[in-house]
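Given next are the chains, with one letter for each unit.
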Amino acid sequence: MEERKNSHYPAGGNNAPVDENSSAPPHFIRAIIREDLRTGKYQGRVHTRFPPEPNGYLHIGHAKSICLNFGLAKEFGGKCNLRYDDTNPAKEDVEYVESIEEDVRWLGFDWQDRKFYASDYFEQLYRFAVALIEKGAAYVCDLTAEQVREYRGTLTEPGKNSPYRTRSVQENLDLFRRMKNGEFEEGSRVLRAKIDMTSPNLNMRDPAIYRIKKVHHHRSGDSWCIYPMYDFAHGICDSLEGITHSICTLEFEDHRPLYDWFLQQLDIYRPQQIEFARLNVTYTLLSKRKLLQLVNEGHVSGWDDPRMPTLAGYRRRGYTAEAIRNFAEIIGVAKRDSMVDHQLLEYCLREDLNKRAQRVMAVLNPLKVVIDNYPEDQVEEMEAINNPEDESMGKRKVPFSRVIYIERDDFREDPPKQFHRLAPGREVRLRYAYFITCTRVVKDEKSGEIIELHGTYDPASRGGWAPDGRKVKGTIHWVSAQHALDATVRLYEYLFTKEDPGDTEEGRTFLDNLNANSMLERRHCKMEPGLKAAKPGDRFQFERLGYFCVDGPDSSPEAPIFNRTVTLRDSWAKIEKKMQE
RNA sequence: UGGGGCGUCGUCAAGUGGUAAGACACGGGACUUUGGUUCCCGCAUGCGGAGGUUCGAAUCCUCCCGCCCCAGCCA
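Residues numbered from 1 in each chain as written. Chains lettered and ligands numbered in written order. Predicted model: local features only at pLDDT ≥ 70, side-chain atom pairs only at ≥ 80, totals over all residues. Heavy atoms only, no water.

The next point concerns the overall build of chain A. Helix and strand counts for chain A come out as 14 helices and 25 strands. Across its three principal directions, the C-alpha atoms of chain A cover 100 × 55 × 45 Å. By residue count, 51% of the 581 residues in chain A fall in the buried class. Of the contacts formed within chain A by residues at least 6 apart in sequence, a portion of 71% connects residues at least 24 apart. A total of about 27200 Å² of accessible surface is found on chain A, and carbon and sulfur atoms cover 47% of it. (Helix = DSSP H or I, 4+ residues; strand = E, 2+ residues; numbered from the N terminus. Buried < 20%, exposed > 50% of the residue type's maximum accessible area, 1.4 Å probe, protein only. Contact = heavy atoms within 4.5 Å. Areas by Shrake-Rupley, 256 points an atom, 1.4 Å probe, with all protein chains shown as cover.)

Around RNA strand B, the structure places 70 residues, and the nearest of them are Arg-359, Arg-421, Arg-431, Gly-463 and Gln-541. Atoms of RNA strand B within 4 Å of the protein belong to the sugar or the phosphate in 66% of instances, the rest to bases. Here Asn-354 contributes a side-chain N or O atom positioned 3.1 Å from a sugar or linking oxygen of RNA strand B. Every element with two or more residues in the surface near RNA strand B is listed here: helix H6 (145–152), strand E6 (208–212), helix H13 (342–356) and helix H14 (571–580). Grouping the amino acids of the surface near RNA strand B by side-chain chemistry returns 27 nonpolar, 18 polar and 25 charged. (Near = heavy atom within 4 Å. Polar contact = N/O pair within 3.5 Å; in protein donor to acceptor, adjacent residues only side chain to side chain. Nonpolar A, V, L, I, M, F, W, Y, C, P; charged D, E, K, R; others polar.)

Position of Gln-272 relative to the elements: it lies in strand E9 (residues 272–276). A distance of 3.3 Å separates the side chain of Gln-272 from the side chain of His-245, its partner in a polar contact. Contact partners of Gln-272, with chain neighbours within four places excluded, come to Ile-32, Asp-36, Lys-41, Tyr-42, Thr-244, His-245 and Ser-246.

The interhelical angle for the contact between helix H5 (residues 122–134) and helix H7 (residues 169–180), taken along N-to-C directions, is 160°, at an axis separation of 9 Å. The angle between H5 and H7 falls in the class roughly antiparallel. Along this stretch, H5 crosses H7, giving a crossing that reads as right-handed. On H7, the residues that touch Tyr-126, Ala-129, Val-130, Ile-133 and Glu-134 of H5 are Val-169, Asn-172, Leu-173, Phe-176, Arg-177 and Lys-180. Here the contact of H5 with H7 is built from residues that sort into 7 nonpolar, 1 polar and 3 charged. (Axes fitted to C-alpha atoms, helices over the stretch in contact; angles between N-to-C directions. Parallel < 35°, antiparallel > 145°, perpendicular 65-115°, else oblique. Left-handed = near helix turned anticlockwise from the far one by under 90°.)

This brings us to the environment of Arg-178. Looking at where Arg-178 falls in the secondary structure, it is placed in helix H7. In this structure, the C-alpha to C-alpha distance between Arg-178 and Ala-362, residues 184 residues apart in sequence, is 69 Å. With residues up to four places along the chain from it excluded, the contact list for Arg-178 reads Glu-183 and Phe-184.

As a further point, take the domain arrangement of chain A. By the assigned domains, chain A splits into domain 1 (28–276), domain 2 (288–358 + 487–580) and domain 3 (362–477). The C-alpha centroid of domain 3 is placed 29 Å from the C-alpha centroid of domain 2. Taken together, the contact pairs 23 residues of domain 2 with 26 residues of domain 3. Interface of domain 2 and domain 3: buried area, both sides summed, is about 2100 Å²; carbon and sulfur atoms make up 53% of it. A salt bridge links Glu-528 to Arg-396; the nearest nitrogen and oxygen atoms lie 2.7 Å apart. There are 8 residue pairs in polar contact (both at pLDDT 80 or more) connecting domain 2 and domain 3. Of all the secondary-structure elements, those providing two or more residues to the side of domain 2 that touches domain 3 are H13, strand E21 (485–492), strand E22 (519–527) and H14. Per-element accounting of the side of domain 2 that touches domain 3 gives the leading share, 5 residues, to E22. Split by residue class, the side of domain 2 that touches domain 3 holds 12 nonpolar, 3 polar and 8 charged. (Domains from an automatic or database assignment. Buried area = accessible area lost by both parts, 1.4 Å probe. Salt bridge = Lys/Arg side-chain N within 4 Å of Asp/Glu carboxyl O.)

With that settled, consider unusual backbone geometry. In this structure, His-524 takes a positive phi of about 55° despite not being glycine. Topologically, His-524 is positioned in strand E22. One non-glycine residue, Arg-544, lies in the positive phi region at around 70°. Structurally, Arg-544 can be placed in the loop between strand E23 (539–542) and strand E24 (546–550).

The next thing to look at is the nonpolar core. Grouped together as the largest cluster of nonpolar side chains are 39 residues, with contacts concentrated most on Ile-60, Val-104, Leu-107 and Phe-327. Of all the secondary structure elements, the ones that give two or more residues to this core are helix H3 (60–75), strand E2 (79–84), helix H4 (94–107), helix H11 (311–317), helix H12 (321–330) and H13. Among the elements that take part in this core, H3 stands out by supplying 6 residues, more than any other. When residues of this core are assigned to domains, at least three fall in each of domain 1 (28–276) and domain 2 (288–358 + 487–580). If near-sequence neighbours (up to four positions away) are discounted, Leu-107 is found in contact with Ala-63, Ile-66, Cys-67, Leu-311, Ala-321, Ile-324 and Arg-325. Formed by 38 residues, the second largest nonpolar core is a distinct cluster that contains Ala-137, Tyr-259, Trp-261 and Leu-266. (Core = buried A, V, L, I, M, F, W, Y, C linked by side-chain atoms within 4.5 Å.)

This is the structure:
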């Protein structure tokens, strides 16, 4: 039977041999596929699908699903379709389908010519519904939504049959046709599957298959005023496309009997639905509804705000697709609810960026330093390494002169023991330049604020080495004042203050957990001049600070803006924190 | 208390009867012209609990406890 139904799909042959020594971590879905391949369940085919509803932007949770579905297909020499679950036009929009395609491509996956829409199948879906009516497995019900709820029963009590359950096939056919023709009001009638009102699984208590919605659809326009429900449409689409493994999240586990029921009733090819646990990440929210709310209420600048857990947000923030793919692999796939530490994502990010980001010097909180014994008009070009992890990235020249900026945090008037940066009388190395010693601190008389520092340099230490072999513990970054590029930097932190932003007390909402300091904009940061050539999306490591990228929408050559993607690990901050305790 | 799932280190997660992988985090050390990177070392006498089967149990059996999901004409 299974054999026969599967027969119109190409038999194996397009599959690469399974690599038993694959370094990919084992998980239960891989195990199922291996077993199916071994037993020839689908003639050696592996065909998955990624089925987003175009009602919002894709987020990191979707990335897990995308990587799983496309990744499995690739791993086993199969295919993966992109299919929009666009059965509810009231919530969907073309803006979302465009963003979804951009995001999936950016992540590095390709659906080739297999882009589908549930709406592509509206005509067939309708015919399948008619077939169900004809075999007495579906009926038109005139109960109101509220009545349907009452008839459904509760978790512990069985439901009771709708008085319309016994309508004749002829009457059902007629009514359904008229529903389609727009003769009835929205909500007045619904087509239901005739299953079992006493089932302990509420999904089997005569679920709705079609509802009337006189709403314009972003693809089918106004040609339909009835739309199929997810449970009915999804399995049939999977079947029509010859999907072998229909992977979805845990909350659909209870729907599997229904998924199977429709396909069995219709006697069509049956893929298997497999459920895994959706992703949760600390300090972030992955609910489309709540993300939409953040956007609509202006708590963020949009779906692509760099603080958003959307792929568009992460991309704008400077994350790489490679890092996200690696993260998706490393977190594993299982059935238990879990909350992954955001630091794991950051680890994947740094690992990738460390290898590819060009190093550059930038001062975010500038403190002027005048090197008194350095010739007034002299400028030297110091040689700097672009990436110590990748020699092929070469070297560059950075101008040095008498007046420079250093990071305010790199100077302490009264330094603690373990502080080995600049302080009165102390010597430090200016990266790729000279050793300098601080000789004088100039303060504002009234406020006491440090305005500038004066110091001397050792001409013999050019490049950062002292010929007498003396050591300095600290190396700090700097930018020549007269050559500096003035730029704005946006420092981002978690959008929420709680590990689980959705965990709220009585009377509060996730909005109460918003981090008021999630974005700090610093103007007039000083950067080495070579950064003038940076283009939107370009990523850099600002030495000793973190990874940054040129913002897409807001940056311009006249007023460059850099987003902080992620900080570098900072063991000094840990030491300082420990000293305070 | 109907049904469906799930409980292995702080967090993910392997393991499917032969004596608890790995990663992140954390702690310590080495190296360092980024307090970055890299490299070493440490980190579950125990797998939700209690019984039982077995030479041997995270893995099998029994009972119990806890957590998640389902009462949309959402997906």
